[in-house]
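Residues per chain are reported as follows:
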Amino acid sequence: AVVSTQSTGKAQQDAKHRLLHEQTLMEHARLRYQEESKLKEKIPVVEPVKETAPAVDENRRPDNKIMMARLIDERDTLLRTGVYTKEDAVIVELNSKIKSIQCST
């Protein structure tokens, strides 16, 4: 009877640990979803600004190396938070912009 009680206690402890782990994963997923929702809400606000921005003189365009360094830093910072993965839309977009700059140089 003592062995049975110990194994039941171990099973309950394992179940609690799994539940806690699943709750943590769900919380991370919820936070990532909220961040992505916030970004999607902001996109329509940014788009009209791009359309109405005056043309940039070629001589005043930011240096591609500086722009690429900024994009890489932004991407790496987001990944380090643990909220984003390489598959998230914002990371994919940053990688696309980085690749575009690399191809243009």
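Here is a short report on the structure shown in this document. (Residues numbered from 1 in each chain as written. Predicted model: local features only at pLDDT ≥ 70, side-chain atom pairs only at ≥ 80, totals over all residues. Heavy atoms only, no water.)

1. A closer look at the environment of Ile-91
Relative to the helices and strands, Ile-91 is located in helix H3 (residues 89-104). Distance in space between the C-alpha atoms of Ile-91 and Leu-79 is 8.0 Å, their sequence separation being twelve residues. Apart from the residues lying within four places of it in its own chain, the contact partners of Ile-91 are Arg-75, Leu-78, Leu-79, Tyr-84, Thr-85 and Lys-86. (Helix = DSSP H or I, 4+ residues; strand = E, 2+ residues; numbered from the N terminus. Contact = heavy atoms within 4.5 Å.)

2. Looking at the side chain of Asp-88
Its place among the elements puts Asp-88 in the loop between helix H2 (64-80) and H3. Overall, the relative accessible area of 7% leaves Asp-88 in the buried class. From its side chain, Asp-88 meets the backbone nitrogen of Thr-85 in a polar contact 2.5 Å long. Contacts of Asp-88, omitting those with residues within four sequence positions, involve Arg-32, Glu-36 and Val-83. (Buried < 20%, exposed > 50% of the residue type's maximum accessible area, 1.4 Å probe, protein only. Polar contact = N/O pair within 3.5 Å; in protein donor to acceptor, adjacent residues only side chain to side chain.)

3. Some details on the pattern of salt bridges
Inspection of every chain in the model, using the stated rule, returns five salt bridges. Of the charged contacts, one joins Asp-14 and Lys-10 as a salt bridge, the two residues approaching to 3.4 Å between their closest N and O atoms. Remark: Lys-10 and Asp-14 occur in helix H1 (residues 2-52); sequence separation between them is four residues, near one turn of the helix. Residue classification places Asp-14 among the partly exposed residues on the basis of a relative accessible area of 30%. (Salt bridge = Lys/Arg side-chain N within 4 Å of Asp/Glu carboxyl O.)

4. Some points on the nonpolar core
By size, the foremost hydrophobic cluster in this structure holds seven residues: Leu-71, Leu-78, Tyr-84, Ile-91, Leu-94, Ile-98 and Ile-101. Sorting elements by how many residues they give to this core places H3 first, with four residues. In this view, Leu-94 contacts Leu-71, Glu-74, Arg-75 and Leu-78; residues no more than four positions away in its chain are not counted. (Core = buried A, V, L, I, M, F, W, Y, C linked by side-chain atoms within 4.5 Å.)

5. Quick word on the side chain of Arg-75
If you trace the backbone, Arg-75 turns up in helix H2. At a separation of 3.1 Å, a polar atom in the side chain of Arg-75 contacts the side chain of Asp-76. The residues contacting Arg-75, other than those within four sequence positions of it, are Ile-91, Leu-94, Asn-95 and Ile-98.

In short, geometric facts, not functional conclusions.
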